Amino acid sequence: MNAALAIAATDTAPDAESAMAHDLLSAVEPNTQPATVAAPPVAANEPDNHQDKLAELAISSVVSPLHLPLEQLISLTEAAQRNGQTEQALQLYHQWTQESNHPQRHLALFNYGSMLQSLGNNTLAVDIYRQCLAIAPGFARAGINLGLALENLGRSDEALQCWSHIVSARFVQAESDAALVVTALNHIGRLQETLKRYELSEAALEQSLQLDPNQPGVIQHWIHIRQKACRRSEE
């Protein structure tokens with residue numbers, strides 16, 4: 001399974017959305033596991049298992065999660081997953097995202113989609129990511145994950161379109177995350193190689209290296225793809 005991105009929960013000060021999203025998003029695992037929202041750090045004198053027990057009680061007492069702050073929603077769903085309460089975590093996300101009009105609802109949708117994707121439910125994850133992008137069309141991390149979910153479903157051309165949209169958006173948006181553009185290009189290169197479209201794979205990896213030359217693994221792969229393309233042209 002290819003890796004999706006996820007968000008980490010921190011204090012969401014009323015800053016610019018891009019800065020807030022950067023703070024909320026955890027590190028990306030290249031190519032394997034989907035990411036999710038992380039809760040605020042636990043106080044030094046308050047162990048994780050104590051927090052989890054409190055969260056378990058809180059989850060069982062939640063009648064409607066609609067009025068939960070985003071950070072608390074994330075904390076509760078993380079604790080639920082650690083306690084093996086996966087269905088409860090999914091239900092919290094489902095109710096909150098479908099009923100809330102929170103201004104950062106797209107972040108909860110993103111985490112919900114990431115969780116579904118990590119559980120192998122790529123079909124529903126695609127729907128949730130599309131809801132996320134309908135609210136925040138420029139949220140490139142959701143586009144990356146959407147492409148991965150579509151790829152897992154065998155819908156390769158749709159996946160490539162998702163990543164291509166992220167790449168092309170840098171020419172029309174004042175601000176774009178260069179690291180995510182590089183990630184999108186690398187996914188394009190990887191999938192095009194799988195589809196034996198070596199020239200397109202080579203072109204994508206070449207663009208990636210132009211944006212970030214410090215990618216030894218991508219350099220080696222680009223050379224490998226060039227050799228494949230040359231051998232194919234000689235046949």
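Just so it is clear, the model here is predicted, and its values are computed rather than measured. (Residues numbered from 1 in each chain as written. Predicted model: local features only at pLDDT ≥ 70, side-chain atom pairs only at ≥ 80, totals over all residues. Heavy atoms only, no water.)

A. Seen up close, helix 3 (residues 70-82). Across its 13 residues, helix 3 extends 19 Å between first and last C-alpha, which sits within 8% of the 18 Å expected from 1.5 Å per residue. Considered for burial, the residues of helix 3 that qualify are Leu70, Leu73, Ile74, Leu76, Thr77, Glu78, Ala79 and Ala80. The positive-phi residue at the C-terminal boundary of helix 3 is Gly84, with phi of around 80°. (Helix = DSSP H or I, 4+ residues; strand = E, 2+ residues; numbered from the N terminus. Expected span 1.5 Å × (residues − 1). Buried < 20%, exposed > 50% of the residue type's maximum accessible area, 1.4 Å probe, protein only.)

B. Looking closely at the packing of aromatic side chains. Inspection of every chain in the model, using the stated rule, returns three aromatic pairs. Between Tyr93 and Tyr112 the ring centres are 6.0 Å apart and the planes differ by 20°, which places this aromatic pair in the stacked class. You can see Tyr93 sitting in helix 4 (residues 86-99) and its partner Tyr112 sitting in helix 5 (residues 105-118), a full 19 residues away along the chain. Consider the rings of Phe110 and Phe139, whose centres lie 5.2 Å apart with planes at 65°: the pair is edge-to-face. Linking Phe110 in helix 5 with Phe139 in the loop between helix 6 (122-135) and helix 7 (140-152), this pair joins segments that are 29 residues apart in sequence. (Phe/Tyr/Trp six-rings, centres within 6.5 Å; stacked < 30°, edge-to-face > 60°.)

C. Structural view of the pattern of salt bridges. According to the stated counting rule, one finds five salt bridges in the structure shown. Close ionic contact of Glu158 with Arg155 constitutes a salt bridge, the shortest N to O distance being 2.8 Å. (Salt bridge = Lys/Arg side-chain N within 4 Å of Asp/Glu carboxyl O.)

D. Local environment of the side chain of Ser208. Within the secondary structure, Ser208 is located in helix 10 (residues 198-211). Of the residues examined, Ser208 reaches a relative accessible area of 0% and is grouped as buried. Of note is the side chain of Ser208, whose polar atom sits 2.7 Å from the side chain of Asn186. Ignoring sequence-local partners within four residues, the contact set of Ser208 consists of Val182, Leu185, Asn186, Gln215 and Val218. (Polar contact = N/O pair within 3.5 Å; in protein donor to acceptor, adjacent residues only side chain to side chain. Contact = heavy atoms within 4.5 Å.)

E. Local environment of unusual backbone geometry. One non-glycine residue, Lys196, lies in positive phi territory at about 65°. Looking at the secondary structure, you find Lys196 in the loop between helix 9 (178-194) and helix 10.

F. Highlighting helix 6. In this model, helix 6 (14 residues) spans 20 Å end to end at C-alpha, consistent with the 20 Å of a helix rising 1.5 Å per residue. Along helix 6, the residues classified as buried are Asn122, Ala125, Val126, Ile128, Tyr129, Cys132 and Leu133. The inward-facing, buried residues of helix 6 contact helix 5 and helix 7.

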